[in-house]
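Chain residues, written in single-letter form:
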2 protein chains.
Amino acid sequence: MELENARQELIKLQEKLSAYDHALGLLSYDGETTAPAGTADNRAHSMAILTEIVYTVSTGKDTVELLEFLDERKEELTDRERRMIYLLLKDIRFMRKIPMDEYVAYEKLVVESEDVWRKAKGNSDFASFAPYLEKMFEYAVRFARYADPEKDPYDYWLNEYEPGMNQAILDGFFRQLRQRLVPLIQRVANAKQVSNACLKGDFAEDKQEELARWLMETMGLDTDRVGLSTTEHPFTTSLGSHLDERITTHYYREDVSYSMFSVIHEGGHALYDTGSDGDLAYTVLDGGVSMGIHESQSRFYENILGRSPAFIRYLFPKVAELFPEKMKDYTWQDFYRAVNRVEPSLVRTEADEVTYCLHVMIRYELEKRVMAGTLKVRDLPGEWNRLDKEYLGIDVPDDRRGVLQDSHWSFGAIGYFPSYALGSAYGAQILSRMKEEVDVDGALEKGDFGPVNEWNRQHIWRFGSLLTPAQVLENALKEPFDPKYYLDYLEAKCKDVYGL
Amino acid sequence: MELENARQELIKLQEKLSAYDHALGLLSYDGETTAPAGTADNRAHSMAILTEIVYTVSTGKDTVELLEFLDERKEELTDRERRMIYLLLKDIRFMRKIPMDEYVAYEKLVVESEDVWRKAKGNSDFASFAPYLEKMFEYAVRFARYADPEKDPYDYWLNEYEPGMNQAILDGFFRQLRQRLVPLIQRVANAKQVSNACLKGDFAEDKQEELARWLMETMGLDTDRVGLSTTEHPFTTSLGSHLDERITTHYYREDVSYSMFSVIHEGGHALYDTGSDGDLAYTVLDGGVSMGIHESQSRFYENILGRSPAFIRYLFPKVAELFPEKMKDYTWQDFYRAVNRVEPSLVRTEADEVTYCLHVMIRYELEKRVMAGTLKVRDLPGEWNRLDKEYLGIDVPDDRRGVLQDSHWSFGAIGYFPSYALGSAYGAQILSRMKEEVDVDGALEKGDFGPVNEWNRQHIWRFGSLLTPAQVLENALKEPFDPKYYLDYLEAKCKDVYGL
């Protein structure tokens, strides 16, 4: 094989994988958005076949030979090529270390486990799910040891989901969060609660959709390339490349804020993905690099910008124009306080900005202890409920709204949760850096996302997955990550909203 | 290779092709329905790659060896397997006879030609399209000669698009149509025109959609497996298998009938496709067998059932319920006459049931003469306009609404049009046969499509592509095809509507 030829093959391989990715992504998107209710089995049939083909293409003999050939000639390649090869070889090298029979058994378990979890959640019946969850944790430990015998298994997975992460960093991170957030929530609980009455009522879906599309335009999404659909749970997906992005939302007639902030959140993911440099399209370097950095963008737009007084002041007249009867009794300040109401609640995905990270922290503490062998799976519900009480001050009435609420563990995503909290905290530090160069509030008051987007594009988006998450952060922050920014931000927000 | 093994490989090959078909069909459907406006290039990128892969899978060495191996052991196989192998080998054998460089040049021409046609149509500029169309006809002749040197080239293509067809049959068919339809249209022109005022007005889109979904339910579509979307031009597509079918429509606010009859037409296609026996799914035998049989179903539901007095009597109260203000001045008889109004017009796709086949006949006569070398492409517009005047009695004001109106010739579909007329005529003969066993009007008056659907399922749908079109017709009709049924039907309809 000649080097020049191999380099071209490397590009072709990625183009092929992008096309399959487009097809599989679209099949899944169609299932969530448009497909008739009875077509899931038919779709699963096609997806299973295509998934198997993708597996063969990405890990087959020809591919491995090509990648190893190039990997041995690293010094003759560009940084971009080296990064491509690293990312393409990563999963192959992992897979090679896992005995095939164990991997097949694991894949089978995942399918069963998700199904059992779904039923267990419906019935608040942790006992039926516990044996599956035990096996999930066992596999997580075993596979991590196969992959990297030197590394602590939980550290292995933390680093997988957010490259650069480990328990030492996260212990410090969550300790700081706990020290300041738990008392902050206590102070808010003792203050006079703010009203969210302006968000509740009967909001026609077509008006909510008009608002959603207005928000997409306002936040600077290129709606020629970013589509909006409705699904049960909102999500964002790239199809084929960052040149076709879809976000989804869900309209609740009785609550105007849900879809609004969903759209801004998913819009943040979409801005990040679609902000990749054009020449990254159809390579593995296209689109956002990690969950943590992704959430730093989505939660930045949703909360830090979207719930800021500057933006709410700009937004409120639009809301009032669409829902004049409802909003005539309220001011933008009422709306601002309502969307920033803090109230400990049971379910992570419905949590407000201040209590959100404590939900994540509970999951981190628990999975860390189970991974270390110091907590049994069967004792998870009790510990979950105890921590919910300790950090959030609430009693968990059943496991459905407690330890069974999230799907992640059921499909083996152990070590994934911390990224949600990290992303939130990254965002606050990004804001602080950005403000040195950009008049953020001044721009938002005019509904002008241009300067903010431009800063993010230059410092974060354009790199796609070319840089590691750590490099992206370093580039953007010019100093080490420090959760103090986030805590300062949350305390200031509570001070403003609750007059603490 | 062992026979048993090869038979299993045959099934696997078809499953793989179905999965790719699903992906490509969905990419195309997404482009027509949901995708943001600026994403066509990105989609084309993925589709080009997947199309190339499908080409390799369907015509590659392994596939050819497998199919030839099985083909040599025909007598040990089932009818189903023989039919699968025939259909899978058909295109491969055709391709082998075409010199590769000519095929590549042709493919390139198709892409350019469609583009040139689109612009030429916009500008009513036939001259700019003529050189491309000349080459298209040249390729049609040359490729037909490569494929089957013994056969008349036009016969070759007629048989490709509707297996079993040739000019001898079609000459007779169109002669009979001309003899009775041209004077019939003349008689209608001399009669008092019926009003279509009840169809024109301002019809809210959501109400039209409600009507569309009601029609789908009424005609017996399984809406758990058949979806409805909106597109510029209505169409029907199967995704992966007949277990996921999508139809589309277009709502015109000013005309309530367009979407209504589109939905019934596409619904007819969908009934046929989804009526395949379950075990045909994921094989090349799944779904309708030919354009002609497909149109026999779609036009049967749209016109023969959909515009019948029995069904309109059942339908009208629903239309009146949705549009009470508009319909309060009309009766079901007014509505019946309106949807059956006959009026020679310029554009085939907007033609009524009676004049429709004459549009097709004009195209048949012209392409037949060009293929035979007795008409030059440059003389097509003049001949087109002359025939439009002779058969339909109208003057063609420009080529946009004349010879340039259809896209088919631009992408090389020469010999395709007759299927549209054949399908219409098949339908009338099917009705006649069906009425020997089913009280069609009695069922339609009650909005009960059950008995009609069951007859079609037993005689036509369930076979998918297992039988040839000729076998399907023979099965259903129990006598040779005869256009007399169709002409009798049209004359009776005009008699009823115009009191001739």
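In this report, we go over the structure that sits alongside the text. (Residues numbered from 1 in each chain as written. Chains lettered and ligands numbered in written order. Predicted model: local features only at pLDDT ≥ 70, side-chain atom pairs only at ≥ 80, totals over all residues. Heavy atoms only, no water.)

Focus on the relation of the copies chain B and chain A
Rotating chain B by 180° and translating it 0.0 Å along the rotation axis places it on chain A, where the RMSD comes to 0.0 Å. What the superposition gives is, in effect, a two-fold axis relating one chain to the other. Nearest to the rotation axis, the C-alpha of B:A23 is located 2.7 Å from it, this being the minimum over chain B. Most of the interface of chain B is mirrored in chain A, where 100% of its interface residues again form contacts. (Least-squares fit on C-alpha atoms with pLDDT ≥ 70 in both. Contact = heavy atoms within 4.5 Å.)

Brief notes about the interface of chain B and chain A
On the chain A side, the residues contacting the 37 residues of chain B number 37 residues. In total, about 2800 Å² of surface goes out of reach between chain B and chain A, with carbon and sulfur atoms giving 60% of it. Seen at the junction of chain B and chain A, the total is four salt bridges. The closest approach of N and O atoms between B:R246 and A:D30, which form a salt bridge, is 2.7 Å. Taken together, the links from chain B to chain A amount to 16 residue pairs in polar contact (both at pLDDT 80 or more). When contributions to the side of chain B that touches chain A are tallied by element, the ones reaching two or more residues are helix 1 (3-33), helix 2 (40-59), strand 1 (226-230) and strand 3 (241-249) of chain B. When residues in the side of chain B that touches chain A are grouped by element, the largest group, 10 residues, is from helix 1 of chain B. (Buried area = accessible area lost by both parts, 1.4 Å probe. Salt bridge = Lys/Arg side-chain N within 4 Å of Asp/Glu carboxyl O. Polar contact = N/O pair within 3.5 Å; in protein donor to acceptor, adjacent residues only side chain to side chain. Helix = DSSP H or I, 4+ residues; strand = E, 2+ residues; numbered from the N terminus.)

Thoughts on the sheet that holds strand 1 of chain B
Read from one edge to the other, the open sheet built from three strands follows the order 1-3-2 (chain B), with strand pairing classed as mixed. At either margin of the open sheet sits one strand with a lone partner, and together these are strand 1 and strand 2 (236-239) of chain B. The sheet shows a mean angle of 25° between the axes of neighbouring strands, direction not considered. Across the sheet, helix 2 (residues 40-59) of chain A is in contact with strand 2 and strand 3 of chain B; its angle to strand 3 of chain B comes to roughly 110°. (Pairing = 2+ DSSP bridges. Axes fitted to C-alpha atoms, helices over the stretch in contact; angles between N-to-C directions.)

Quick notes on the pairing of strand 1 (residues 226-230) of chain A
Residues and elements named next belong to chain A. Taking burial as the measure, the five residues of strand 1 include four buried ones, the bulk of the element. For strand 1 and strand 3 (residues 241-249), the ladder comprises five bridges, and the chain directions are parallel. Across the sheet, V226 pairs through a bridge with E245, a residue of strand 3. (Buried < 20%, exposed > 50% of the residue type's maximum accessible area, 1.4 Å probe, protein only.)

A few points about the side chain of A:E81
Residues and elements named next belong to chain A. With respect to the element layout, E81 can be found in helix 4 (residues 79-97). For E81, a relative accessible area of 12% corresponds to the buried category. If we ignore the near neighbours within four places in the chain, the residues touching E81 are R7 and L10.

Focus: helix 15 (residues 356-372) of chain B
Owing to its 3.6 residues per turn, the α-helix aligns residues three or four sequence positions apart on the same side. Residue and element names in this part refer to chain B. Counted at 1.5 Å a residue, the expected span for helix 15 with its 17 residues is 24 Å, and the 25 Å between its end C-alpha atoms agrees. By the criterion of burial, helix 15 is predominantly enclosed, with 14 of the 17 residues buried. Just beyond helix 15, the residue with positive phi is G373, at close to 80°. (Expected span 1.5 Å × (residues − 1).)

Observations regarding the pattern of salt bridges
All names here are of chain B. If you walk through the whole model with that rule in mind, you get 90 salt bridges over all chains. Between E160 and K90 there is a salt bridge, with its nearest N and O atoms 3.2 Å apart. You can see E160 sitting in helix 7 (residues 153-161) and its partner K90 sitting in helix 4 (residues 79-97), a full 70 residues away along the chain. Residue E160 is classed as partly exposed on the basis of its relative accessible area of 27%. Residue D488 pairs with K484 through a salt bridge whose shortest N-O separation is 3.6 Å. With D488 and K484 both in helix 21 (residues 484-498) and four residues apart, this pair spans about one turn of that helix. Residue D488 is classed as partly exposed on the basis of its relative accessible area, which comes to 33%.

Interpretation in functional terms is not warranted from these geometric data alone.
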